[in-house]
Amino acid sequence: RLLRAAADRRTGVECARRTMAQRAYDECFVASAAVEWAVQRKFAADRAAAERLMQQLVRGSCVAHVAHRAAPFADDAHQLYRFTPTAYNVIKVAEEALAIAQARKREQRAAKAAKAAKAAKVAAAAAGRATS
């Protein structure tokens, strides 16, 4: 949930072209802004917890430092990170799995409703025979 929300281009962590050490990086975010975003959206109770969450995304190869891919996440206004292709693949797979689960749930409800309708029809037929 955190990854999908954070990577959302409209409501997630603000990604833009930014400069660090006189070099420009496209589609990246400021570490401290991501931490603040996670706290404001109640994904974490405080900045330390938000930093740990972001570090988990780094360990999962969903977020990476723009210049040093192996660098750990740090709540720092001067550090830039970006969502990796892995992040978008994880989001896609999660959304597909959710769609499949929702379709199964709809099928189960439809089957249950059909079974109940059949039982009601049998009961009505039995009741009709009993009154004859």
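Above this note sits the structure.
The following paragraphs examine the structure supplied in this document. This structure is a prediction, so every number in the text was calculated from the model and none was measured.

### Considerations on the overall build of the chain
Next, step 1: Check the secondary structure of the chain and you find 4 helices and 4 strands.
Next, step 2: Over its C-alpha trace the chain gives a radius of gyration of 25 Å, far above what one expects of a compact globule, namely 14 Å for 132 residues.
Next, step 3: Based on the C-alpha atoms only, the size of the chain along its principal axes is roughly 90 × 30 × 25 Å.
Next, step 4: Expressed as a percentage of contacts within the chain between residues at least 6 apart in sequence, the contacts between residues at least 24 apart total 51%.
Next, step 5: For the chain, the computed accessible surface area is about 9000 Å², with 54% contributed by carbon and sulfur atoms.
Next, step 6: Charge centroids of the chain, computed over 24 positive and 12 negative side chains, lie 14 Å from each other.

### Regarding the environment of Leu-80
Next, step 1: Looking at the secondary structure, you find Leu-80 in strand E4 (residues 80-83).
Next, step 2: Relative accessible area serves as the criterion here: at 4%, Leu-80 is assigned to the buried category.
Next, step 3: Setting aside residues up to four positions removed in sequence, Leu-80 forms contacts with Arg-18, Thr-19, Met-20, Tyr-25, Cys-28, Phe-29, Val-30, Ala-64, His-65 and Val-66.

### Brief notes about the sheet that holds strand E2 (residues 23-30)
What holds strands together in a sheet is hydrogen bonding between their backbones, with the strands either parallel or antiparallel.
Next, step 1: With antiparallel pairing, 4 strands are arranged side by side in an open sheet as E1-E2-E4-E3. Because the sheet does not close on itself, it has two edges, and the strands there are strand E1 (16-20) and strand E3 (63-65). The sheet shows a mean angle of 55° between the axes of neighbouring strands, direction not considered.
Next, step 2: Direction of pairing for E3 relative to E4: antiparallel, over a ladder of 3 bridges. Paired with Ala-64 across the two strands is Arg-82, which belongs to E4.

### Focus on the pairing of E4
Next, step 1: Here E2 runs beside E4; their pairing, made up of 2 bridges, is antiparallel. For Val-30, the partnering residue across the bridge sits in E4 and is Leu-80.

Conventions used here
Residues numbered from 1 in each chain as written. Predicted model: local features only at pLDDT ≥ 70, side-chain atom pairs only at ≥ 80, totals over all residues. Heavy atoms only, no water. Helix = DSSP H or I, 4+ residues; strand = E, 2+ residues; numbered from the N terminus. Rg over C-alpha atoms; globule rule 2.2 N^0.38 Å. Contact = heavy atoms within 4.5 Å. Areas by Shrake-Rupley, 256 points an atom, 1.4 Å probe, with all protein chains shown as cover. Lys, Arg positive; Asp, Glu negative; His and termini not counted. Charge placed at Lys NZ, Arg CZ, Asp CG, Glu CD. Buried < 20%, exposed > 50% of the residue type's maximum accessible area, 1.4 Å probe, protein only. Pairing = 2+ DSSP bridges. Axes fitted to C-alpha atoms, helices over the stretch in contact; angles between N-to-C directions.

What is shown is where atoms sit, not what they do.
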